[in-house]
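The chain contents come next:
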Amino acid sequence: MASTLHNEDLVGMLCEMIKARIASDRLWSLQRQGRIGTIAPINGQEATVVGASWALDPDHDWVLPQYREPMGLGRYGPEILHRFAAWAIGHPQGGHIPEPLRVFPPQISLATQILHAVGLAWALKLRKEPGVALTFFGDGSSSEGDFYEAGNLAGVLEVPVIFLCSNNQWAISTPTSRQTAAAGFAAKAEAFGIPGVTVDGNDPLAVFEVVGAARDRALAGKGATLIEAVNYRLGAHTTADDPTRYVPADALAAAKERDPLIVFRRQLEDRGIWDQAMQTGAERAGERAIDDAWAWASNLPLHQTDLFDHVFATPTLRQQQQRNGLIEYLQGTP
Ligand SMILES: Cc1ncc(C[n+]2csc(CCOP(=O)(O)OP(=O)(O)O)c2C)c(N)n1
Ligand SMILES: [Mg+2]
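Residues numbered from 1 in each chain as written. Chains lettered and ligands numbered in written order. Predicted model: local features only at pLDDT ≥ 70, side-chain atom pairs only at ≥ 80, totals over all residues. Heavy atoms only, no water.

Asker: Kindly report on the site of ligand 1, identifying the contributing residues and their values.
Answerer: Ligand 1 sits among 16 residues. The nearest are Tyr67, Arg68, Gly140, Ser141 and Trp170. A distance of 2.5 Å is found between an oxygen atom of ligand 1 and a side-chain nitrogen or oxygen belonging to Tyr67. With respect to ligand 1, the backbone of Leu110 contributes an N or O atom lying 3.2 Å from a nitrogen atom. In a pocket analysis with a 2 Å cut-off to the grid points, ligand 1 is assigned to the largest pocket. (Near = heavy atom within 4 Å. Polar contact = N/O pair within 3.5 Å; in protein donor to acceptor, adjacent residues only side chain to side chain. 1 Å grid on protein atoms, 1.4 Å probe; cavity = no way out; pocket = protein on both sides within 12 Å on 5 of 7 lines; lining within 4 Å. Sits in = over half its atoms within 2 Å of the grid points.)

Asker: Hey, could you go over the layout of surface pockets for me, with residue numbers and the actual values?
Answerer: Roughly 190 Å³ of volume is contained in the largest pocket. Looking at the lining of the largest pocket, the elements that each hand over two or more residues are strand E2 (133-138) and strand E4 (170-171). Its residues assigned to classes, the lining of the largest pocket shows six nonpolar, eight polar and four charged. (Points joined across faces, edges and corners; volume = space filled by probe spheres on them. Helix = DSSP H or I, 4+ residues; strand = E, 2+ residues; numbered from the N terminus. Nonpolar A, V, L, I, M, F, W, Y, C, P; charged D, E, K, R; others polar.)

Asker: Which residues make up the side chain of Ser166, and what values go with them?
Answerer: Structurally, Ser166 can be placed in strand E3 (residues 161-167). Judged by its relative accessible area of 3%, Ser166 is buried. Within polar-contact distance, the side chain of Ser166 engages the side chain of Gln45 at 3.1 Å. Looking at Ser166, its side chain comes within polar contact range of the side chain of Asn231, at 3.1 Å. (Buried < 20%, exposed > 50% of the residue type's maximum accessible area, 1.4 Å probe, protein only.)

Asker: Go over the coordination of the magnesium ion (ligand 2), please, and point to the residues and values.
Answerer: The magnesium ion (ligand 2) binds to the protein through Asp139 (OD), Asn168 (OD1) and Trp170 (O), with metal-donor distances spanning 2.0 to 2.2 Å. Each donor residue of the magnesium ion (ligand 2) lies on one chain, and together they are spaced D-x28-N-x1-W. Look at Asn168 and you get buried, because its relative accessible area is 4%. Residue classification places Trp170 among the buried positions, given a relative accessible area of 10%. (Donors = N, O, S within 2.8 Å, 3.2 Å for Na, K, Ca; no water.)

Geometric values such as these leave the question of function open.
Structure follows, in structure tokens:
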């Protein structure tokens, strides 16, 4: 269990946060150049993702992300960013993460990954395999029926799952005040009979602590935990959004003061384990990581029948017929 963080961990965490921000900004400009499709930036949520991932064991624990987190999951390997870049292009390889990587592809259909996480955790329990399933979702996703169904089942089955609600204060243009009348998102755990914890999502060390505790609990056979990590979306919802139309300028300015990249950097500087040279090195490494990911993704061969791959392990009869039909059509045969 990763209960103690050494200086190398703290440095590694900040490097990963910087890399995630750089990857996010690069993907944004690639979208503006017309080279990729819609993308949802991670800006402002890096500490939540990185802090959580550092509490997990990549050899045993699973991550089921929403659509922003893969940019900050480098602890699971550089391959995750490669696949994410492919996903942003719309290449089928982006929806496929090969074993042994225990990370699911990005999920756009809100809250469905929460159900998948409970199913996966249930399987771990039945097979008596070590490990937990951690799923990320947003404040808005917590209004989906899938969230309540998943939470309820997890409570009843006592499965090793961690629900991590990344509360970035917005679901596109809907503020949290219009999302729920509950005392908070962690309060919803009460109905599932599981613990609910609220944590400062701008502080990777605080997130590390609560996820670590939830993991210990899950591995001890005591079941699920719901964590609400409070952060702030510093950018647009996606490349298709204009947040200046609805995000109050003063709230955004206050959130920028708490930018996790700035606050955590200051903390490491105060400890004497970070300086300008390391900052420059981390930024260069971040640029290289997204350069490599983009080079890999943008050079993938694309076949028109690829869209049938990785849907099911064994294609259904209808899929096979459709695939054959497409091949015939492309060959111009009747
Ligand atoms: C089932 C479903 N309903 C609606 C949408 C449209 N949609 C995409 S993102 C989004 C807001 C999600 O907000 P939140 O869960 O807080 O995540 P965030 O984008 O803030 O990280 C909505 C409504 C969707 N993708 N899936
Ligand atoms: Mg949100």
